[in-house]
Structure formats: C-alpha cells, structure tokens
Amino acid sequence: MGSIDMLRCSTLFWDDCTCYHTEHMTAMRFDDVLDEIGGFGRYQKWVFFLTLGPNLLAGFIMLNPVFLLGIPEHRCAIPNCENDTFEVQSPTHQESIDEYIPLSNTKGLKYDRCNILLPSGNISMTTEGALLPNDSLREACSKWVYDLSVFTDTFASEHNLVCDKEIQVANAEMIFYGGMLVGSLASGIFADVYGRKPVMYVSLVIMVISNIGLAWVHAYWLFVIVEFILGASVIATFMPGYIISLELTSSSKRAWPGVISDFPYVLGLILMAVVAYIVREWFKLQLYTSLPGLLFLSYWWLIPESPRWLLTKGRVAEAKVIIEKAARWNKTVLPKQFFKSKCMDDMDTDKTASFLQLFSSKKMCKTTVIVFVNWTIVAMTYFGLALNSDNLAGNLYLNFGLSAAVEIPAYFLVIYLVDRIGRRWLFTGSMLVGGLACASTVLAIEYEPGGGDAIVVALAMLGKLFITAAYSTAHIHSAELFPTVIRNAGMGGASLFASLGTMVAPYIVTEGEQLGGIWGEAFPLVVFGALAFLTGILSLALPETLGKNLPETVEDGERFGRTGAFNLVRSLRLHKSGDYERIGDHSYQASIKEDSEHELLVSQDNSFKS
C-alpha cells in the first residue's frame, strides 16, 4: 500500500550496532545477538503482530476523504420550494425542474449543477408554491439539493462545497497529505532523539483523539486543522512502531514481516468500503472507524522500546531486560558475556555524507533527478487513482473495494518478478502498462459511449494494479541505486517528492469532478496515465541493480551501471592501496552489512511499494 511504504523508505537503513566483547575483543553485530535468541521467534512475532494494528487504522484513515469529502450528484434547489429534492417527486415537480434548472452543456450530465433560471417578467405560482418564470435569466445559485442514493450526507454536502467552493475539497485533502509529510519528517527526528516507543505512543494518543474528535467537527477551518493533525499523527504512529519491530528482527529474517505488514492496510481499505456502504453518513462512518483506535492505548504496556536504539544511547541495562525477555519467550539462552560489551556505530563514514552529494556529479545528478521524478509521479498516480473512485461510473463502494483488493496481486507480482526480470524492467513495464491502461479509458468513452462504463472501470483497476507494483518496485530499485553514504538522504528526498506528488493528486481529481459527465470521468485517468507512461520511458535511463554489489561511496555510485566497471574499479582501488589485509575483518563485516541491507530492501519492498 502506497501510504505505508512511502513512510517505510526512511526506515530501511538504520545503522546496525556492532558490539565488541571487552574480554576477547571479538567483533559481534547486534544481529548476531538476535540470531542467537531467535531472529524472528515468538517474542518478535508478538511485537510484530501488535505493530500491525496501526496499519489497519491507516487503512481507515488514509483514504477516508473519498467518503467524508465525497460530493454527491446535485443541482440547484428550486426557489421557494421547501420540499424540493433531487429525486423527482411528481410530473409537476419535473415541470418545475425543467423550468428553473438549465440543461447542462457537459456531455453525460442532464442539468446544470451550479446555475438556476430566475424570472425577469411576470410571475405566476404553481400548485406546489414554486415560482414560474416567463422570461428567465441564468444566475449562480446558493442552495442545492443532493442525490441521496450514494451518500446520505458528507462533510462536503453538509457545507455545500460544490461549484466555486469545490476547490476547498481538494484543499482539505492536500492539507491532510501535507500533515503526513510533516509527520514523517518530525517522527524520524524525534524517534532518534527520544526513542521509538515514546514517539509512537504520543502520536497514537493524538491520532485516536483527533480521529474521534473529527466526527464532531462542523466548521471547515477546524476540519482541515484536525485533518492535518490526523495525517501527521497516523504516520508518526506507524513509523516508530514499524522500526521497533524491524530492529528486533535479525536481518536474515526480515523478508516475510516486510511482506505481511502491507496486508492489514489493504484490509483496512476494504473494511472502510464495507462500513461506508452500510452507514453512508459521514459522522457515523468517522465515529465507527475511529473507535477501534481506543484498543491500542494499551500499547505502552505491551510494546517494548527498541533495544537497538537503547544500546546506541548507552542504556545497556534496559536493552538487556528486553533481550532477556525475548530469549525467555523464544525458549533460548542468552550468554551473559553478550552484554559485557561496548556498542558503537560501525558506519562512521555515513555521518560525513550530505544531501548535496546527491548532485555532486553528472551521473549522480541524473540518477537522483530521475528517481525523484519517478517517486513524484508514481505516488501521485497511486493516490490519485484511489481518490478517483468516486469519479468512476458504477457503484462507488464496489469501485473503492476493488481498487484496494487489486493491491494484493500487485504485491505478489513484485515478489515473483523482482528477482527474475530485474528492478528496472519491472518498474518500467508496470508504469507503461498501468499508464496505458488508464489513458486508454478515453478510447472506451469515445467509441463505446453507451456501454463503456464497465470497460473504463476495468481499465482503471488494471492501471491501479500495475501502478501499485511500480510503487513497490521503486522502493527497491531506488534504494539500491544510491550509494551507502547518501542512501538515507536519497531515500528521504524521494519520500519528500512522493509526498508532494500525493498533495497534487486531489486537484487533478477535483478538476475531473468539476468537468463532470463522461469526460470528467476520463480526465484524471488520462492525466495520470500519460504521466505514468512518460515516467516509465524515462526510467529506462537508470541502470539495473539486480545481482550487483551495492555502491558504497559516491565514486562507486558514479561508476555504477557501467558494464563490469564497478567491480573492476573497486577491486583495483583496494589492490592499489594495499588495503586487503588491513581492512580484514572490517571489510567482511561491511560486506555482511551490505548484504543485510540488500536483503532488507528486497524483503520489505517486495512487500511493497514506494
């Protein structure tokens, strides 16, 4: 799922802790300790299971604007007709509608949504008390009636966020995703300073309170403020919790947890569609999907702090308690000498890298720019297609549920193909097929105007499937392209651009809704499809990374992708410096570290997107 993995990218490369026994000075990585007690034993599985809870809530929250801010079909209300409804009540009511509501110039819409015909001459009255104009003038209306067949009410219909106010819907969605951006950046900083557990729990409390409180908000300005807080807190809850589970699991056991962690999010999306179909009132929908969050307030007493983080802060005694508890749960014995050690960072060279080094050479600059473009478009398209469910013909709830369900085969597609055909071809192929499927909807509308709705929906779902696969592959490919010393900076920058793309998506969807009719249905799909297709072609300029050693330095990144050059130059450099013997065990540990990172990428990003 796009939202979860957009965050996850910044958690992929936390430095491992290398411990040195004071008695024998034998180097030992923290992963060795985890392997000794069970890399993914009962205790780690229990903690991992607990951290899946926020993923389920994320499914309720991340795309709920589709239902909270959905705009029902509407037209202007007939003047002085208090019992006017969108549904035609009688032949006389139909006559009043025809007299006062102008026909729409938009193909696929019968009536104008935003204007009314007002009398300019003599006035007569119908038996229902409505005015009958003799000569009419068109004027923007200030009161509307809404179709109640899809929504009983939404926040948008309650506040008449239609016509010239419809942009406020996109603004609210943009602010929510802007909160996600701020939350992901802030939580990463605070989790490093204050610990994963406190940041996760404080964010969880804020998320639960703001999520429940949103149901009672009835002012637009307050609604967007709470949405911003909610967007920030849902991300800040997920990220530290995911890191705790990640840092408790040895690198050799991270594959399946990474895969499984996306499925609660998809389940949350599907359950959201089911609950929304049953309830159809935005207040009840928001309340019912937010109350389960109260169950997770017990997490302070259930989820431990990351022992890896505790060791980096010198809090060895606290880390020892957690590791010993894990050993008991896993029915293993932890040798006491493991904690007669000093824990330190084994990647000191990473700390000297800067974000600007991403643009330090022509080759790195090209790679960085293409990766950032890829993430912007794939995130924009992924979230845009989900938000566009309301704009497709047919049943909104079925469309939304299908849009969520197609993510499941997308994950398995990535798992099966990413190590067979390579990252570049999988990303490129997914973007090309997904983009072509979305853009082709215009052909179905043009040549099958009477029966093309099912084709449009099918093409949109096919596009969503492959865009999800591309999003997942982008995490793997991008992280392997950036050298070790600037990988965090590169992935953080990519996540930033993905967030910016997500913030733009609502405006493209809203433009389609404002157009209305069959061309309004096609507009977002054509825009997203064309951008995805062009991005797929652009990504061919990136090198393949499958089966290749990850670049470590900026110089390695500059040479990366040249046939045979990377390994040859690296070997010559080591040989020339005479460092083979001198680097000894450290080189071996760095190799293990590199392999662990590669495994982690494939596992989580197989699970995923980004």
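Residues numbered from 1 in each chain as written. Predicted model: local features only at pLDDT ≥ 70, side-chain atom pairs only at ≥ 80, totals over all residues. Heavy atoms only, no water.

### Overview of the overall build of the protein
Of the regular secondary structure elements, the protein holds 25 helices and nine strands. By the burial criterion, 56% of the 610 residues in the protein qualify as buried. Residue pairs at least 24 apart in sequence account for 80% of intrachain contacts in the protein once pairs closer than 6 positions are excluded. If you sum the accessible surface of the protein, you get close to 24,700 Å²; carbon and sulfur atoms cover 64% of it. (Helix = DSSP H or I, 4+ residues; strand = E, 2+ residues; numbered from the N terminus. Buried < 20%, exposed > 50% of the residue type's maximum accessible area, 1.4 Å probe, protein only. Contact = heavy atoms within 4.5 Å. Areas by Shrake-Rupley, 256 points an atom, 1.4 Å probe, with all protein chains shown as cover.)

### Things to note about the state of the cysteines
Per the counting criterion, the structure on display carries two disulfides. A sulfur-sulfur separation of 2.0 Å characterises the disulfide bridge that pairs cysteine 76 with cysteine 141. Judged by the sign of its S-S torsion, about -70°, the bond between cysteine 76 and cysteine 141 is left-handed. One end of the pair, cysteine 76, is in strand S3 (residues 74-76); the other, cysteine 141, is in the loop between strand S7 (136-140) and strand S8 (144-146), and 65 residues separate them in sequence. By relative accessible area, cysteine 141 is classed as buried at 13%. (Disulfide = S-S within 2.5 Å.)

### Things to note about helix H12 (residues 282-290)
Taken residue by residue, H12 has Trp282, Leu285, Gln286, Leu287, Thr289 and Ser290 as its buried positions. Close packing links the buried residues of H12 with helix H3 (42-61), helix H4 (65-68), helix H6 (155-158), helix H8 (196-213) and helix H11 (263-279).

### Some thoughts on the environment of alanine 276
With respect to the element layout, alanine 276 can be found in helix H11. Among the residues examined, alanine 276 registers a relative accessible area of 2% and is labelled buried. Put simply, alanine 276 and tyrosine 397 are 121 residues apart on the chain and 7.5 Å apart in space, counted from C-alpha to C-alpha. Contact partners of alanine 276, with chain neighbours within four places excluded, come to Phe67, Leu285 and Tyr397.

### Brief notes about the packing of helix H15 (residues 362-387) against helix H20 (residues 453-481)
Between H15 and H20, the shortest axis-to-axis distance is 10 Å and the interhelical angle comes to 150°. Accordingly, the angle class assigned to the pair H15 and H20 is roughly antiparallel. By crossing handedness, the relation of H15 to H20 is classed as left-handed. Contacts from Thr367, Val371, Trp375, Val378, Ala379, Thr381, Tyr382, Phe383, Leu385 and Ala386 in H15 reach Gly463, Lys464, Ile467, Thr468, Ala470, Tyr471, Ala474, His475, Ser478 and Leu481 in H20. Its residues assigned to classes, the contact of H15 with H20 shows 13 nonpolar, six polar and one charged. (Axes fitted to C-alpha atoms, helices over the stretch in contact; angles between N-to-C directions. Parallel < 35°, antiparallel > 145°, perpendicular 65-115°, else oblique. Left-handed = near helix turned anticlockwise from the far one by under 90°. Nonpolar A, V, L, I, M, F, W, Y, C, P; charged D, E, K, R; others polar.)

### Considerations on the packing of aromatic side chains
Scanning all chains against the criterion turns up 22 aromatic pairs. Relative to tyrosine 194, the ring of phenylalanine 190 has its centre 6.1 Å away and its plane inclined at 45°; by these criteria the two rings are tilted. Placement of both phenylalanine 190 and tyrosine 194 in helix H7 (residues 167-194) is noted, with a separation of four residues, approximately one turn of the helix. Taking relative accessible area as the criterion, phenylalanine 190 reaches 43% and is therefore assigned partly exposed. Its relative accessible area of 54% is what places tyrosine 194 among the exposed residues. Sitting over the ring of tryptophan 300, lysine 197 keeps its end group 4.5 Å from the ring centre. (Phe/Tyr/Trp six-rings, centres within 6.5 Å; stacked < 30°, edge-to-face > 60°. Lys NZ or Arg CZ within 6 Å of the ring centre and 35° of its normal.)

### Quick word on the side chain of glutamate 305
Assignment of secondary structure puts glutamate 305 in the loop between H12 and helix H13 (307-312). Within the structure, the side chain of glutamate 305 is placed 3.1 Å from the backbone nitrogen of arginine 196, a separation counted as a polar contact. A polar contact of 3.3 Å, which involves the side chain of glutamate 305, links it to the backbone nitrogen of lysine 197. Once residues lying within four places of it in the same chain are set aside, the contact partners of glutamate 305 are Gly195, Arg196, Lys197, Pro198, Leu310 and Ile322. (Polar contact = N/O pair within 3.5 Å; in protein donor to acceptor, adjacent residues only side chain to side chain.)

### Examining a nonpolar patch on the surface
A grouping of Val182, Val202, Ile206, Trp221, Leu222, Ile225, Phe228 and Ile229 is seen on the molecular surface, where their side chains present a nonpolar patch of about 680 Å² in accessible area. Secondary structure elements with two or more residues in the nonpolar patch: H8 and helix H9 (220-248). The element that contributes the greatest number of residues to the nonpolar patch is H9, accounting for five residues. Tracing the backbone shows isoleucine 229 in helix H9. The exposure class assigned to isoleucine 229 is partly exposed, which follows from its relative accessible area of 37%. (Patch = residues over 30% accessible without salt bridge, like charges linked within 9 Å, V, L, I, M, F, W, Y side chains within 5 Å. Salt bridge = Lys/Arg side-chain N within 4 Å of Asp/Glu carboxyl O.)

### Some points on the nonpolar core
Counting residues in hydrophobic clusters, the biggest one holds 138 residues, and the most contacted among them are Leu63 and Phe67. The residues touching phenylalanine 67, leaving out its near neighbours within four places in the chain, are Phe151, Thr154, Met272, Ala273, Ala276, Leu285, Leu396, Tyr397 and Phe400. If you look at the next biggest cluster of nonpolar residues, it comprises five residues, including Phe238, Met239, Tyr242 and Ile243. (Core = buried A, V, L, I, M, F, W, Y, C linked by side-chain atoms within 4.5 Å.)

### Digging into unusual backbone geometry
Positive phi outside glycine occurs at asparagine 80, with the angle close to 60°. Mapped onto the elements, asparagine 80 comes out in the loop between S3 and helix H5 (91-100). Overall, asparagine 80 belongs to the exposed group, its relative accessible area being 51%. We note that lysine 331 has phi near 60°; this positive angle belongs to a residue other than glycine. Following the sequence through the fold, lysine 331 ends up in the loop between helix H14 (316-329) and strand S9 (341-345).

### With respect to the pattern of salt bridges
For side chains of opposite charge, pairing can occur when their charged atoms come near one another. Counted by the stated rule, this structure contains eight salt bridges. Arginine 138 serves as the salt-bridge partner of aspartate 112, at 3.7 Å between the closest nitrogen and oxygen. In this pair, aspartate 112 sits in the loop between H5 and strand S4 (115-119) while arginine 138 sits in strand S7, placing the two residues 26 residues apart along the sequence. The exposure class of aspartate 112 is buried, given its relative accessible area of 13%.

### Quick notes on the confidence of the model for the protein
On average, the protein scores 77 in pLDDT, and the residues at 70 or more come to 74%. Contacts from residues 9-27, a stretch scored under 50 in pLDDT, to residues over four places away or in other chains number 77 contacts. Between residues 131-135, whose pLDDT stays under 50, and residues either more than four places distant or in other chains, the model counts 22 contacts. (pLDDT = per-residue confidence, 0-100.)

### Comments concerning the packing of helix H18 (residues 423-439) against H20
At a minimum axis distance of 8 Å, the contact between H18 and H20 shows a crossing angle of 155°. One way to sum up the angle between H18 and H20 is to call them roughly antiparallel. At the point where H18 passes H20, the crossing takes the left-handed sense. Residues Arg423, Arg424, Leu426, Phe427, Ser430, Met431, Val433, Gly434, Gly435, Ala437 and Cys438 of H18 pack against Leu459, Leu462, Gly463, Phe466, Ile467, Ala469, Ala470, Thr473, Ala474, Ile476, His477 and Glu480 of H20. Of the residues belonging to the contact of H18 with H20, the class tally is 14 nonpolar, six polar and three charged.

### Quick notes on H11
Along an α-helix, residues three or four positions apart point the same way, because every turn accommodates 3.6 residues. For H11, with 17 residues, the first-to-last C-alpha span of 24 Å sits near the 24 Å given by 1.5 Å per residue. Listed in full, the buried residues belonging to H11 are Pro264, Tyr265, Val266, Gly268, Leu269, Met272, Ala273, Ala276 and Val279. (Expected span 1.5 Å × (residues − 1).)

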